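Structure at a glance
Here is how the chains run, residue by residue.
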Amino acid sequence: AYVSVFSIFAISLVLLLVMIGGPIEGRKNGTDSGPVEYFHAYGMLQSIGSIVFALNCVAANFQAFVSSDDKTRTLESWKLVTVKTNVIGGSMCFFMGLAGYLSFREHTEGEILTNFTAPGFAFIKMMVVLHLIAYIPIDFVVMRYSVVKIALGVKAENLATLYHVSLTVVLLILALVVVIVLLATGYSSGEAFSLILDFSGGIAGGFISFLLPGIIYLKLMPPDSQYYTAAKCIIAFGVSVTVSVITGTALSVKSGDGA
């Protein structure tokens, strides 16, 4: 809980930096002028994989629900919690993206903090680094669970503490080695890394966030259930997302953008 509060504080600092410091930095660098592109279909097609990748964090709702106390672990309470958190989180993303784009226009970096080059901004960058180090994403939890289930046939949470901690450290080290290799080969920046996010987000994320939930609902629930039609719509949307990501990535590579 304390780590989560720290993470929200760190991201809030970034939001304030972009909304307050962005216009100042953009005016100083002359990047806050020029045409504003309100809609870019090809750019949307290229970015949809990364967007779906970000949506995968919704699965963390299950962990939060399980860890809540008995009084709030009800559907009515959780609907209220989910609505509030989604509105707040979505608003933070929207205003950060809008302020960043209006400040830097076509020079806006995917990692917005890259646009802030003055030494004084290093503190906030370090806060974000600490935020990234301090939390384990849901993707890692799923990977650890899957490795234990496939290798040992048991649930990860049923492992003895020593084995659980040791496995966690080993998997984190493996992930770190992959990152170091990407840095050493130069693939950690540029379009190549974006393609990785697009594929993992658009294809794997499409299955996790849309296709599998819809298919599981149709399999378990009768045709007259409340969300049967909605589940079919979610499946159709998941298929369209997956096809769009593959198409956008293929067009990006073909045009040389992903080289």
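Check the entry above for the structure.
Per chain, the residues get numbers from 1 upward, laid out in the order the sequence is written. Only residues with pLDDT of at least 70 get local features here, since the model is predicted, and only at 80 or more are side-chain atom pairs given and counted; chain-wide, interface and lining totals rely on the full set of residues. Each side-chain value is worked out from all heavy atoms of the structure, with water and hydrogens disregarded.

Attention now goes to the pattern of salt bridges. Oppositely charged side chains may form a pair once their charged atoms are brought near each other. Counted as salt bridges are all cases of a side-chain nitrogen of Lys or Arg within 4 Å of a carboxyl oxygen of Asp or Glu. Enumeration over the complete set of coordinates arrives at one salt bridge. Between lysine 28 and glutamate 25 there is a salt bridge; the shortest N-O distance is 3.5 Å. With a gap of three residues between them, lysine 28 and glutamate 25 both fall in helix H1 (residues 2-29), about one helical turn apart. Numbering of helices and strands runs from the N terminus; a helix is a DSSP stretch of H or I covering at least four residues, while a strand is a stretch of E covering at least two.

What follows covers helix H4 (residues 75-104). Spanning 30 residues, H4 covers 43 Å between terminal C-alpha atoms, matching the ideal 44 Å at 1.5 Å per step. Burial classification: accessible surface area is computed with a 1.4 Å probe over protein chains only, and a residue below 20% of its type maximum counts as buried, one above 50% as exposed, and the rest as partly exposed. Inspection of H4 places Trp78, Met92, Met96, Ala99, Gly100, Ser103 and Phe104 among the buried residues, and these make up the whole buried set. Directly beyond the C-terminal end of H4, a positive phi value near 50 degrees is found at arginine 105. What a helix should span is 1.5 Å times the count of its residues minus one.

A few words on the environment of isoleucine 20. Note on placement: isoleucine 20 falls in helix H1. Between the C-alpha atoms of isoleucine 20 and alanine 99, which are 79 residues apart in sequence, the distance is 8.6 Å.

Right, let's get into H1. Compared with the 40 Å implied by 1.5 Å per residue over 28 residues, the 38 Å span of H1 between its first and last C-alpha is a close match. What we call the bend at a residue is the angle made by axes fitted to the seven residues finishing there and the seven residues starting there. At glycine 21, H1 shows its largest kink, close to 45 degrees, and the proline proline 23 lies no more than four residues downstream. Of the surrounding elements, those touching the buried residues of H1 are H4 and helix H5 (122-134). Immediately beyond the C-terminal end of H1, within one or two residues, lies glycine 30, with a positive phi of roughly 70 degrees. Any two residues whose heavy atoms approach within 4.5 Å at even a single point are treated as in contact.

Glancing now at the packing of H1 against H4. Between H1 and H4, the least distance of the axes is 8 Å, while the angle of their chain directions is 20 degrees. As far as their axial angle goes, H4 and H1 are roughly parallel. For the crossing formed where H1 meets H4, the hand is left-handed. Judged by residue contacts, Ile11, Ser12, Val14, Leu15, Val18, Met19, Gly22, Pro23, Glu25 and Gly26 of H1 engage Met92, Phe95, Met96, Ala99, Gly100, Ser103 and Phe104 from H4. Among the residues making up the contact of H1 with H4, the classes are represented as 11 nonpolar, five polar and one charged. Angles shown run from 0 to 180 degrees and are taken between the N-to-C directions of axes, each axis being a line fitted to C-alpha atoms and, for helices, limited to the stretch in contact. Just so you know how the angles are binned, under 35 degrees is roughly parallel, over 145 roughly antiparallel, 65 to 115 roughly perpendicular, and the rest oblique. Throughout, a crossing is termed right-handed when the near helix is turned clockwise from the far one, and left-handed when it is turned anticlockwise from it by less than a right angle. Gly is put with the polar residues, along with every residue not named as nonpolar or charged; the nonpolar set is Ala, Val, Leu, Ile, Met, Phe, Trp, Tyr, Cys and Pro, and the charged set is Asp, Glu, Lys and Arg.

The next thing to look at is the nonpolar core. One broad trend across soluble globular proteins is that nonpolar side chains are buried collectively. Counting 14 residues, the largest nonpolar core has Val14, Leu17, Val18, Met96, Ile112, Leu113 and Phe116 as its most contacted members. For this core, the secondary structure elements donating two or more residues are H1, H4 and H5. Setting aside residues up to four positions removed in sequence, isoleucine 112 forms contacts with Val14, Val18, Met96, Gly100 and Phe104. Residues belong to a common nonpolar core when they are buried Ala, Val, Leu, Ile, Met, Phe, Trp, Tyr or Cys residues joined through side-chain atoms within 4.5 Å.

Scope: geometric values only; no functional claims are made or implied.
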